[in-house]
Amino acid sequence: MKQSSIVCLRRANETAKTARAAGNTPFGAVLAAPNGEIIMEQGNAEKEFGDATAHAEMVLASRASRAYSKEYLKDCTLYTTCEPCPMCTGAIYWSNIGHIVYGISEKRLLELTGGDEKNPTFSMGAKQVIDAGQKDITLEGPVPEVEAEIVEAHLGFWGK
């Protein structure tokens, strides 16, 4: 994995920690421009928005869609701490963000959350959603170099 990807995933994890400190679930995402510069970041925002769908990736994709053209977003990369759920993958797809890199898999997340009602996760990876679509979106992950750091942000949060 390229060093720039590690840097972006670590920034997404810092955003996840900030979200957790604000009373949200500990997930974070950043959007990198084609040149690798981080141009947006977003943590989960359920508490602030009063909205259970305010996942980091969903909110970030929506914001990016309003701020940038689909042509531009096609060459951008969304870095996220955890593999995006089907809802978030759909938002990324519709916003036309062309690349996704995630730190830990949905399977690993389920190991952390167990049956916690705050995250009744799917057993459906982002690849399945992307493969069902018509767009050429690249998907990379999990990234072992950041797994321990991302897992640490979740420790003690989930009541499994």
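Throughout this document, residue positions are counted from 1 along each chain, in the order its sequence is written. Thresholds applied to this predicted model are a pLDDT of at least 70 for local features of residues and 80 or more for the giving and counting of side-chain atom pairs; totals over whole chains, interfaces and linings are not thresholded and use all residues. With hydrogens and water stripped out, all remaining heavy atoms of the structure feed into the side-chain values.

Caption draft 1: Seen up close, the layout of surface pockets. Put simply, the grid is 1 Å and covers the protein atoms alone, a cavity is a trapped set of points that fit a 1.4 Å probe, a pocket is an open set with protein on both sides within 12 Å along at least five of seven lines, and lining residues have an atom within 4 Å of a point. Grid points are joined across faces, edges and corners, and a volume is the space filled by probe spheres set on the points. Each pocket or cavity is described by its volume, and for the largest pocket that value is around 320 Å³. Along the walls of the largest pocket sit 20 residues, with F27, H55, C85, K118 and N119 positioned nearest its centre. Strands are runs of DSSP state E lasting at least 2 residues, helices are runs of H or I lasting at least 4, and numbering of each runs from the N terminus. Elements represented by at least two residues in the lining of the largest pocket include exactly α5 (86-95) and α6 (106-113). Partitioning the lining of the largest pocket into residue classes produces 10 nonpolar, five polar and five charged. Note that Gly is not counted as nonpolar here; it falls among the polar residues with everything else outside the nonpolar set of Ala, Val, Leu, Ile, Met, Phe, Trp, Tyr, Cys and Pro and the charged set of Asp, Glu, Lys and Arg.

Caption draft 2: Quick peek at the environment of A54. Tracing the sequence through the fold places A54 in the loop between α2 (46-49) and α3 (56-67). On the accessibility criterion, A54 (1% relative accessible area) is buried. Measuring from C-alpha to C-alpha, the distance between A54 and C88 comes to 9.5 Å, with 34 residues separating the pair along the chain. Excluding anything up to four places from it in sequence, A54 contacts N44, A45, E46, F49 and V59. Remark: exposure states derive from per-residue accessible area (1.4 Å probe, protein chains only) relative to the maximum for the residue type, with buried under 20%, exposed over 50%, and partly exposed in between. We call two residues in contact when some of their heavy atoms are within 4.5 Å.

Caption draft 3: Representation of the packing of aromatic side chains in the model. Here the aromatic set is Phe, Tyr and Trp, taking the six-membered ring for Trp, and pairing holds for ring centres within 6.5 Å; pairs whose planes are under 30 degrees apart are stacked, those over 60 apart are edge-to-face, and all others are tilted. Applying the stated criterion across every chain, the model contains four aromatic pairs. On the numbers, 6.1 Å between centres and 50° between planes, the contact of F27 with W158 is tilted. Within this pair, whereas F27 is found in the loop between α1 (3-21) and β1 (28-32), its partner W158 is found in the segment after α8 (147-154), the two being separated by 131 residues in sequence. Under the relative-accessibility criterion, W158 is labelled buried at 8%. Ring centres of F157 and W158 lie 4.8 Å apart, and the angle between their planes is 80°; on these two criteria the pair is classed as edge-to-face. We classify F157 as buried; its relative accessible area is 18%. Here the aromatic cluster, defined as three or more aromatic residues joined through ring pairs, consists of F27, F157 and W158. Here, a charge over a ring means that NZ of Lys or CZ of Arg falls within 6 Å of the ring centre while also lying within 35 degrees of the ring normal. One cation-aromatic arrangement involves K135 over Y93; the distance from NZ or CZ to the ring centre is 4.7 Å.

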